[in-house]
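Here are the chains, one letter per residue:
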Amino acid sequence: SNQNVGKCPVGLDNKEANFGGGGTKNNDWWPNDLKLNILRQHTAQSNPFGETFNYAEAFKTIDYQGLKNDLKTLMTDSQDFWPADFGHYGGFFIRMSWHSAGTYRVGDGRGGGGQGQQRFAPLNSWPDNANLDKARRLLLPIKLKYGNKLSWADLFLLTGNVALEDMGFKTFGFAGGRPDTYEADESVYWGGETTWLGNDVRYSQGHPGIAEHGVLDGDKSKKDHTDIHSRDLEEPLGASHMGLIYVNPEGPDGIPDAAASAQDIRTTFGRMAMNDEETAALIVGGHTFGKTHGAAPTETVGKEPNAGDIHQQGFGWANSYKDGKGPNAITSGLEVTWTSTPTKWSNHYLEYLYKYEWEKEKSPAGANQWVAKTDDEIIPHAFDKNKKQKPRMLTTDIALRVDPAYEKITRRWLEHPEELEDAFARAWFKLLHRDMGPRTRWVGPEIPKEVSIWEDPVPEVDHDLVTESDITSLKKELLASGIEPATLITTAWGAAASFRGSDKRGGANGARIRLEPQKNWAVNQPKELEKTLTAIEKVQSNFNKGSKKISIADLIVLGGTAAVEKAAGVSVKFTPGRTDATQEQTDAQSFTHLQPFTDGFRNFGTSTARVRTEQWLVDKAHLLTLSSPELVVLLGGLRTLNANWDHSSHGVLTKNPGKLSNDFFVNLLDTNLAWKPSDESNEFFEGFNHKTGDKWTGTRHDLVIGSHPELRAIAEVYASADNKERFTKDFVSAWTKVMDLDRFDVK
Ligand code: HEB
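Throughout, residues of each chain are indexed from 1 in the direction in which the sequence is written. In keeping with the predicted nature of the model, local features appear solely for residues at pLDDT of at least 70, side-chain atom pairs appear and are counted solely at 80 or more, and the whole-chain, interface and lining totals rest on all residues. Only hydrogens and water are removed before side-chain values are computed, so all heavy atoms of the structure are retained for them.

Undergrad: Any details on helix H18 (residues 552-568)? Residues and values, ideally.
TA: A run of H or I in DSSP becomes a helix once it reaches four residues, and a run of E becomes a strand once it reaches two; helices and strands are each numbered from the N terminus. Each helix should span, by expectation, one fewer than its residue count multiplied by 1.5 Å. For H18, with 17 residues, the first-to-last C-alpha span of 24 Å sits near the 24 Å given by 1.5 Å per residue. Note on classification: 1.4 Å probe, protein chains only; a residue is buried when its accessible area is under 20% of the maximum for its type, exposed when over 50%, partly exposed between these limits. For H18, a buried count of 16 out of 17 residues is recorded, marking the element as mostly surrounded by other parts of the structure. Positive phi shows up at glycine 569, right after H18, with a value of about 75 degrees.

Next up, the structure:
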């Protein structure tokens, strides 16, 4: 009999449950275990569409105008379960879109609106996303109507765009094509804090947060202004607190210091790849619309969706203050309406910001906010046509006036609203599309013609592609060009493996490995790279003398592919069609974020302050969209190809370096091999096989393949006597996959 029968199961935690995946688990016993789970997310096992559904193709057939009309109708179709402020949901939906896209951070390209992640924890329950559960639910009828042709990811963003248009703003355009995921993305580091709105971890590595320096507001002698102005937000985070999209609206750590708040804004929006002008445009443009919600103290607000009761059906933040909605809604606890026309595009936000002087006040919920020093009651009430109010702002709004750089920009827009319009349109479009990758992934009738530099554009192919026989002769020339095969391989790898699946930037296309900053990255061995590129250019200029043309980007990949083919003894697929970008088409500063700290596949780099070498390896594999078998086969295979970044022999566990074989696995798993650390760092190791007398060296990248039970299990497959062919086949297909990661033009 079931011992739980008769007990109330509510409140039973997972560890206690004796079925359904309960019990004490590996992660409880060994929290430091290397996790591979991020390499097997979003597979057919969680996705009801399986593997074959092509969302972009489906979106192409949607009734786009019908969809936009439905969204426009919804804007003013106020629903009882969550009535629209001022009779228009526009502001609410803009906030939903912005919070969907705004989690993007350029440091690792993760976050962002590309997967519809706002439906899942933790994002669905972040304090900053309070009540957006209602915004998403308002969209459900439209989602169900358009079904497979419309992902939630696209819908969240398109809705914000349509909201802007419906309120009189001309947008820069819109592109669809973001397929949904069906589980939480576990790959994103949101911070190490265990409390909502905490920031004890993210600032603890650099300058401390001001919280530890006493209260800033009030006694000047007690405060340490230098710290707040220089506190270091850990990479790659883009928010000042756990559970916020960017910064605390009340000011740093809740302290209403607008100048200090500007610093936090600059840092966090910078992590989103926005400069001062883009940042100011987004905040000004966004807060031209809608209002904040803090009718009363927040005690009446219930738990977030992910902690909610089963009968709430995914809703959270139930509010028992009066009817808990409309004029009684409590979201941020702030109570501000910025402009006199919160459902119309205008320049009122800046007009008021500069027309009035501002003083601190507390919202009805007790939060720090600002009110105009005036008797002008010009702001409408969201639900009572007869009520008028004074203009109000958040500390982060005041920051746009007190910070000298933001002030310069916003004063110019005060005089030239058309420049604000242009800046906001562009910044908003960038916000929504930044993580989509090249425009070959974009679909729909509203794609702007104008190409932006942040798209990392590559020229279009303007010539006939090479034929099979051209490819054969070019391979011969590349192999005879005097460049070592191993160098051809590392160069091709270096170009292609700059790709990251998170925001789909990088990759071999564009041949940006020959441009700033990539050509100077240590991992790319700048001096040697220069020689290699010179030799490749020679092959190119010989070939391009004829009627056909080939790009450097194609030749870089073809060189590596030819070398792999020779080393493997089987043919390796090559898909031409890459083009070469210019330095002018390349935002060098923005590309610095793609520089790898480590690349285990080239045996480059070691642990950093917060990340073990092998965790970097898994992280890199995730950015390359590799599965764990692909990680293992590529690493082991590349070692036998002698493809270490610095030509070291770490992990080259073969007597025949340069020949593709499963020797790495065979030798690593040899029972007679014993390793010991070769220095204090515990990063480098010496191996001695007391039976064969072989001596090897290796790094943590190499040894983790033999020590982690799951990676080892895969290594055993590739070491098996009957799997030599499988090994070669799997290596070659993983190699081709990496070479073509950025080829959305042919996928
Ligand atoms: Fe914002 C709202 C904050 C930015 C748009 N905002 C809001 C709020 C807050 C905030 C607190 C309220 C919520 C409630 O409901 O209560 N923001 C903020 C901050 C920042 C921002 C701190 C940074 C500085 N925004 C932003 C941006 C945008 C926006 C960028 C866009 C573009 N918001 C917005 C809107 C709203 C808000 C539209 C309204 C909503 C409604 O109406 O509902």
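From this point, things continue past the structure.
Undergrad: Could you give an account of the site of the ligand, with specific residues and numbers?
TA: Near the ligand you find 25 residues, and of these Leu282, His287, Lys291, His293 and Ser332 are the closest. At 3.3 Å, a side-chain N or O of tryptophan 98 approaches a nitrogen atom of the ligand. Within the residue set of the shell around the ligand, elements represented by two or more residues are helix H4 (90-101), helix H10 (276-286) and helix H14 (417-433). Considering each element in turn, the shell around the ligand owes the most residues, 5 residues, to H4. Residue proximity to a molecule or strand is established when one non-hydrogen atom of the residue lies within 4 Å of it. Any N or O atom pair separated by 3.5 Å or less is treated as a polar contact, with the protein-specific requirement of one donor-capable and one acceptor-capable atom, and with residues adjacent in sequence counted only for side-chain atom pairs.

Undergrad: How would you explain the coordination of the iron atom of the ligand if you had to name every residue and give the values?
TA: Around a metal, the ideal angle is 109.5 degrees if four donors adopt a tetrahedral arrangement and 90 or 180 degrees if six donors adopt an octahedral arrangement. Metal donors: N, O and S atoms at distances within 2.8 Å, or within 3.2 Å for Na, K and Ca, with water omitted from the atom set so that some sites may seem incomplete. The sole protein-derived ligand of the iron atom of the ligand is His287 (NE2), positioned 2.0 Å away. Among the secondary structure elements, histidine 287 is positioned in the loop between H10 and helix H11 (348-355).

Undergrad: Explain the sheet that holds strand S6 (residues 673-677) to me, using residue names and the numbers behind them.
TA: Strands sit in the order S6-S7-S8 across an open sheet of 3 strands; the sheet is antiparallel. In this open sheet, the two strands that pair with only one neighbour each are S6 and strand S8 (695-699). Across the sheet, the mean angle separating the axes of adjacent strands is 25 degrees when strand polarity is ignored. Looking at chain direction, S6 and strand S7 (residues 684-689) are connected through 5 bridges and run antiparallel. Across the sheet, proline 677 pairs through a bridge with phenylalanine 685, a residue of S7. Contacts: residue pairs with any heavy atoms within 4.5 Å of one another. In this analysis an axis means a line fitted to C-alpha atoms, helices contributing only their contacting stretch, and an angle means the value between N-to-C directions, from 0 to 180 degrees. Relative to the sheet, helix H23 (residues 700-707) contacts S6, S7 and S8, its axis offset from that of S8 by approximately 100 degrees. Two strands pair under a simple rule: DSSP has to find at least two bridges between them.

Undergrad: Can you tell me about the nonpolar core, naming the residues and giving the values?
TA: Inside soluble globular proteins, nonpolar side chains tend to come together where they are buried. We call a set of buried Ala, Val, Leu, Ile, Met, Phe, Trp, Tyr and Cys residues a nonpolar core when their side-chain atoms join them within 4.5 Å. With 96 residues, the main nonpolar core has Phe93, Leu139, Leu150, Leu282, Tyr349 and Leu353 as its most contacted residues. At 9 residues, the largest contribution of residues to this core is made by H14. Here leucine 150 is in contact with Tyr55, Phe59, Ile62, Leu67, Ile142, Lys143 and Leu155, once residues within four sequence places are set aside. If you look at the next biggest cluster of nonpolar residues, it comprises 76 residues, including Leu558, Ala567, Leu635 and Leu668.

Undergrad: So what's going on with the sheet that holds strand S5 (residues 392-393)? Which residues, and what values?
TA: Here we have 3 strands laid out as an open sheet, ordered S1-S2-S5, and antiparallel in their pairing. Of all strands in the sheet, those bounded by a partner on one side alone are strand S1 (358-362) and S5. Across 5 bridges, S1 lies against strand S2 (residues 368-372) in antiparallel orientation. Along S2, the bridge assignment pairs lysine 362 with asparagine 368.

Undergrad: Can you explain the confidence of the model for the protein chain? Please cite residues and give values.
TA: A score between 0 and 100, pLDDT records how confident the predictor is in each residue. Per-chain confidence: the protein chain averages 94 in pLDDT, with 95% of residues scoring 70 or above. Note on residues 207-226: pLDDT is under 50 here. Beyond four places in sequence and across chains, it has 33 contacts. Interface confidence for the predicted complex, expressed as ipTM, amounts to 1.00; the pTM equals 0.96.

Undergrad: An account of the packing of aromatic side chains is needed here, citing residue identities and associated values.
TA: Within 6.5 Å between ring centres, the rings of Phe, Tyr and Trp (the latter by its six-membered ring) count as paired, and their orientation is classed by plane angle as stacked under 30 degrees, edge-to-face over 60, tilted in between. The full count for this structure, using the stated rule, is 35 aromatic pairs. Taking the centre distance of 6.2 Å and the plane angle of 25 degrees together, the rings of tryptophan 442 and tryptophan 454 count as stacked. On the criterion of sequence distance, the pair formed by tryptophan 442 in the loop between H14 and helix H15 (468-479) and tryptophan 454 in the loop between H14 and H15 is long-range, its members being 12 residues apart. Taken as a pair, tryptophan 442 and tryptophan 454 share a single burial class, namely buried. What links up through ring pairs into an aromatic cluster is the set Phe169, Phe289, Trp345, Phe424 and Trp428. Between the NZ or CZ atom of arginine 105 and the centre of the ring of tryptophan 190, over which it lies, the distance is 5.4 Å. In this structure, arginine 119 is placed above the aromatic ring of tyrosine 182, and the distance from its NZ or CZ to the ring centre is 5.4 Å. Two conditions define a charge sitting above a ring: the NZ of Lys or the CZ of Arg must be within 6 Å of the ring centre, and it must be within 35 degrees of the ring normal.

Undergrad: Quick rundown of the side chain of threonine 491? Include the residues and the values.
TA: By the secondary structure assignment, threonine 491 is in helix H16 (residues 485-496). Leaving out residues up to four positions away in the same chain, threonine 491 has contacts with Ile513, Leu529, Thr532 and Ile556.

Undergrad: So what's going on with the side chain of aspartate 180? Which residues, and what values?
TA: Looking at the secondary structure, you find aspartate 180 in the loop between helix H7 (152-166) and helix H8 (225-230). A relative accessible area of 10% means that aspartate 180 is categorised as buried. Within polar-contact distance, the side chain of aspartate 180 engages the backbone nitrogen of tryptophan 152 at 2.8 Å. Polar contacts involving the side chain of aspartate 180 include one to the main-chain amide nitrogen of alanine 153, which spans 2.9 Å. Ignoring sequence-local partners within four residues, the contact set of aspartate 180 consists of Asn47, Gln115, Gly116, Arg119, Ser151, Trp152 and Ala153.

Undergrad: An account of the environment of phenylalanine 49 is needed here, citing residue identities and associated values.
TA: Its place among the elements puts phenylalanine 49 in the loop between helix H1 (26-29) and helix H2 (55-60). Distance from phenylalanine 49 to alanine 295, taken between C-alpha atoms, is 43 Å for residues 246 residues apart in sequence. Here phenylalanine 49 is in contact with Asn148 and Tyr182, once residues within four sequence places are set aside.

Undergrad: Account for the packing of H4 against H14, with residues named and values stated.
TA: Packed helices, taken two at a time, are described by the angle their axes make and the gap between the axes. H14 packs onto H4 with a crossing angle of 55 degrees between their chain directions and a minimal axis gap of 8 Å. Put simply, H4 runs oblique to H14. The handedness of the crossing between H4 and H14 is left-handed. Touching Ile94, Ser97, Trp98 and Ala101 of H4 are Trp428, Leu431 and Leu432, all from H14. In this classification, the charged set is Asp, Glu, Lys and Arg, the nonpolar set is Ala, Val, Leu, Ile, Met, Phe, Trp, Tyr, Cys and Pro, and all remaining amino acids, among them Gly, are polar. Classifying every residue of the contact of H4 with H14 gives 6 nonpolar, 1 polar and no charged. Orientation labels follow simple angle bins: below 35 degrees gives roughly parallel, above 145 gives roughly antiparallel, 65 to 115 gives roughly perpendicular, and whatever is left gives oblique. Note: crossing handedness is left-handed where the near helix turns anticlockwise from the far helix by less than a right angle, and right-handed where it turns clockwise.

Undergrad: Now, about unusual backbone geometry: what can you tell me, with residues and values included?
TA: The omega torsion across alanine 121 and proline 122 is 0 degrees, close enough to zero to call that bond cis. Within the element layout of this structure, proline 122 appears in the loop between H4 and helix H5 (132-138). With a phi angle near 50 degrees, aspartate 253 is a residue other than glycine that sits in the positive phi range. Assignment of secondary structure puts aspartate 253 in the loop between H8 and helix H9 (258-271). Within the chain, tryptophan 317 stands out as a residue other than glycine whose phi angle is a positive 55 degrees. By secondary structure assignment, the location of tryptophan 317 is in the loop between H10 and H11.

Undergrad: Which residues make up the pairing of S7, and what values do they have?
TA: The alternating pattern of S7 places Phe685, Gly687 and Asn689 on a buried face and Phe684, Glu686 and Phe688 on a face that is not buried. Hairpin connection between S6 and S7: a loop of 6 residues separates the two successive antiparallel strands, and asparagine 682 in this loop has a positive phi of roughly 60 degrees. Sheet topology note: the S7/S8 ladder contains 5 bridges and is antiparallel. Looking at S8, one finds that phenylalanine 688 is bridged to lysine 695.

Undergrad: Describe in detail the pattern of salt bridges, supporting the description with residues and values.
TA: A carboxyl oxygen of Asp or Glu within 4 Å of a side-chain nitrogen of Lys or Arg is what we treat as a salt bridge. Using the criterion set out here, one finds 44 salt bridges in the structure. For the salt bridge of aspartate 180 with arginine 119, the shortest nitrogen-to-oxygen distance reads 3.8 Å. Of this pair, aspartate 180 sits in the loop between H7 and H8 while arginine 119 is found in the loop between H4 and H5, placing the two residues 61 residues apart along the sequence.

Undergrad: So what about the packing of helix H17 (residues 526-544) against H18? Which residues, and what values?
TA: Axis separation between H17 and H18 bottoms out at 10 Å; the angle between their running directions is 110 degrees. Here H18 runs roughly perpendicular to H17, going by the angle between their axes. As for how H17 packs across H18, the hand of that crossing is right-handed. Note on element contacts: H18 touches H17 through Ile552, Leu555 and Ile556, opposite Leu533, Ile536, Glu537, Val539 and Gln540. Partitioned by chemical class, the residues of the contact of H17 with H18 number 6 nonpolar, 1 polar and 1 charged.

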